[in-house]
Amino acid sequence: MPKEARPSTGEQAKQHALAQLRQAILHGEMAPAQRLVENELAEQFGVTRASIRAALIDLESQGLVERIRNRGSRVRVVTVDEAVAITECRMVLEGLCAAKAAVAASDEQLVELTELGTAMTKAVADGEPVTYSELNQELHAKVREFSGQRTALDLLERLNAQLVRHRFQLALRPGRPQQSLNEHLTMIEAIRARDPQAAETAVRAHLTSVIEALRD
């Protein structure tokens, strides 16, 4: 929406501010513990402080923002212990999605997963961890989508949003993409084989490895 046509108040203004803030946090443009000053954000996004405040309340409920008594809001800091706990929950839900995808995915969707695996292999071979990290996220998103399990998808979107910083740090750790790649390829093969049990097992093995890496 052009800036001159954008409402500065009301539900549309709140949704605009919410989308912009969420994207900035998820893309790392706003760092953990960074203060979120309502006046500054209102000016930046061309909305009222009330719209910013409402957006921050929504982001707090999503686990992306925390309000500090007498100090306002900041981007929430997710500790390693919290990241492990979140990943343990992901293990159950993502395992379910992989098992469902192994049954529900169309032949065309299986081709998409195969192509993602090929692109991930190339990214690792070319030494491009950031590209690999982005493809990694896309693969997991596709498996969730292809599962048709909407409830799990909604829950996972919230959980994954809280892990942005840890996920990016793991992607840059030497040797981690190579290990992760094999785990993802195993997951893709199990889904392509339409073996729900093997698909769930592969996801659980991968996320167990993620937990071990988080704790290192």
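A. Spotlight on helix α9 (residues 176–192). Between its terminal C-alpha atoms α9 stretches 24 Å, which fits the 24 Å expected from 17 residues at 1.5 Å a residue. For α9, the full list of buried residues reads Arg176, Pro177, Ser180, Leu181, Glu183, His184, Met187, Ile188, Ala190 and Ile191. Residues of α9 that are buried make contact with α4 (80–104), α5 (107–125), α6 (129–147), α8 (164–171) and α10 (196–215). At the C-terminal side of α9, arginine 194 shows a positive phi close to 55°.

B. Geometry of the packing of α4 against α10. Here α4 crosses α10 at 165°, and the two axes come no closer than 7 Å. Judged on the interaxial angle alone, α10 and α4 are roughly antiparallel. With respect to the hand of their crossing, α4 and α10 are arranged in right-handed fashion. A class-by-class count of the residues in the contact of α4 with α10 yields 16 nonpolar, 3 polar and 6 charged.

C. Focus on the environment of threonine 151. Mapping threonine 151 onto the fold places it in helix α7 (residues 150–161). With 58 residues separating them along the chain, threonine 151 and leucine 93 place their C-alpha atoms 9.5 Å apart.

D. Layout of α5. Between its first and last C-alpha, α5 extends 27 Å over 19 residues, near the 27 Å set by a 1.5 Å rise per residue. All of the buried residues in α5 are Leu110, Leu113, Leu116, Gly117, Met120, Ala123 and Val124. Down the axis of α5, the smallest arc covering the buried residues is 135°, so these residues share one side. For α5, exposure combined with an orientation more than 90 degrees from the buried face picks out Asp107, Glu108, Glu115, Thr118, Lys122 and Ala125. In the core, the buried residues of α5 are packed alongside α6 and α9. After α5 finishes, the residue glycine 127 shows a positive phi value of roughly 65°.

E. Region of the structure containing the sheet that holds strand β3 (residues 72–75). The 3 strands lie next to each other as β1-β3-β2, forming an open sheet whose pairing is antiparallel. Each of the sheet's edge strands pairs with one partner strand only, and the pair in question is β1 (35–36) and β2 (65–68).

F. Layout of unusual backbone geometry. Positive phi, normally seen in glycine, also occurs at alanine 33, with a value near 80°. Among the structural elements, alanine 33 can be located in the loop between α1 (10–26) and β1. The exposure class of alanine 33 is partly exposed, given its relative accessible area of 35%.

G. Region of interest: the environment of glutamine 179. Considering the arrangement of structural elements, one finds glutamine 179 in helix α9. When its relative accessible area of 40% is taken as the criterion, glutamine 179 is described as partly exposed. In the structure, glutamine 179 is positioned 18 residues away from alanine 161 in sequence and 23 Å away in space, judged by C-alpha atoms. Side chain to side chain, glutamine 179 and serine 209 meet in a polar contact 3.0 Å long.

H. Spotlight on the side chain of arginine 90. Looking at the element boundaries, arginine 90 is found in helix α4. The residues contacting arginine 90, other than those within four sequence positions of it, are Gly95, His140, Leu156, Leu159, Asn160, Leu163 and Leu207.

I. Focus on the pairing of β3. Pairing of β1 with β3 involves 2 bridges; the strand directions are antiparallel. Paired with arginine 35 across the bridge in β3 is arginine 74. Here β2 hands over to β3 after 3 residues, with asparagine 70 in that stretch at a positive phi of 65°.

J. Just the pattern of salt bridges, in detail. Summed over the entire model, instances satisfying the criterion amount to 15 salt bridges. Between glutamate 38 and arginine 49 there is a salt bridge, with the nearest N and O atoms lying 3.1 Å from each other. Of the two residues, glutamate 38 is situated in helix α2 (residues 38–45) and arginine 49 in helix α3 (residues 49–61); the sequence distance between them amounts to 11 residues. Judged by relative accessible area, which is 12%, glutamate 38 ranks as buried. Note that glutamate 94 is salt-bridged to arginine 90, the shortest N-O span being 3.0 Å. Residue glutamate 94 and its partner arginine 90 are both found in helix α4; the two are separated by 4 residues, about one turn of the helix. For the pair shown, glutamate 94 and arginine 90 are each scored as buried.

Analysis parameters
- Residue positions are counted from 1 within each chain, in the order its sequence is given.
- Selection of residues for local features in this predicted model requires a pLDDT of at least 70, selection of side-chain atom pairs for listing and counting requires 80 or more, and totals for whole chains, interfaces and linings are taken over all residues.
- Heavy atoms throughout the structure, all of them, feed into the side-chain values; hydrogens and water do not.
- To qualify as a helix, a DSSP run of H or I must reach at least 4 residues; to qualify as a strand, a run of E must reach at least 2; elements of each kind are numbered from the N terminus.
- For a helix, the expected span equals 1.5 Å multiplied by the residue count minus one.
- The buried label applies to any residue whose accessible area, calculated with a 1.4 Å probe on protein chains only, is under 20% of its type's maximum; exposed applies above 50%, and partly exposed to all values in between.
- Here a residue-residue contact requires only that any non-hydrogen atoms of the pair lie within 4.5 Å.
- Working convention: axes come from line fits to C-alpha atoms, limited for helices to the stretch in contact. Angles between N-to-C directions cover 0 to 180 degrees.
- Angular relationships are summarised with four words: roughly parallel below 35 degrees, roughly antiparallel beyond 145, roughly perpendicular across 65 to 115, and oblique for the angles in between.
- Helix crossings are classified by the rotation of the near helix relative to the far one: an anticlockwise turn of less than a right angle makes the crossing left-handed, while a clockwise turn makes it right-handed.
- Under this grouping Gly is polar, as are all residues other than the nonpolar Ala, Val, Leu, Ile, Met, Phe, Trp, Tyr, Cys and Pro and the charged Asp, Glu, Lys and Arg.
- The arc refers to the directions leading from the helix axis to the C-beta atoms.
- Should DSSP find at least two bridges between two strands, the strands are taken to pair.
- Residues adjacent in sequence count toward polar contacts only when both atoms are side-chain atoms; beyond that, a polar contact is any pair of N or O atoms within 3.5 Å, and within protein one must be able to donate a hydrogen and the other to accept it.
- Salt-bridge detection follows one rule: a side-chain nitrogen of Lys or Arg within 4 Å of a carboxyl oxygen of Asp or Glu.

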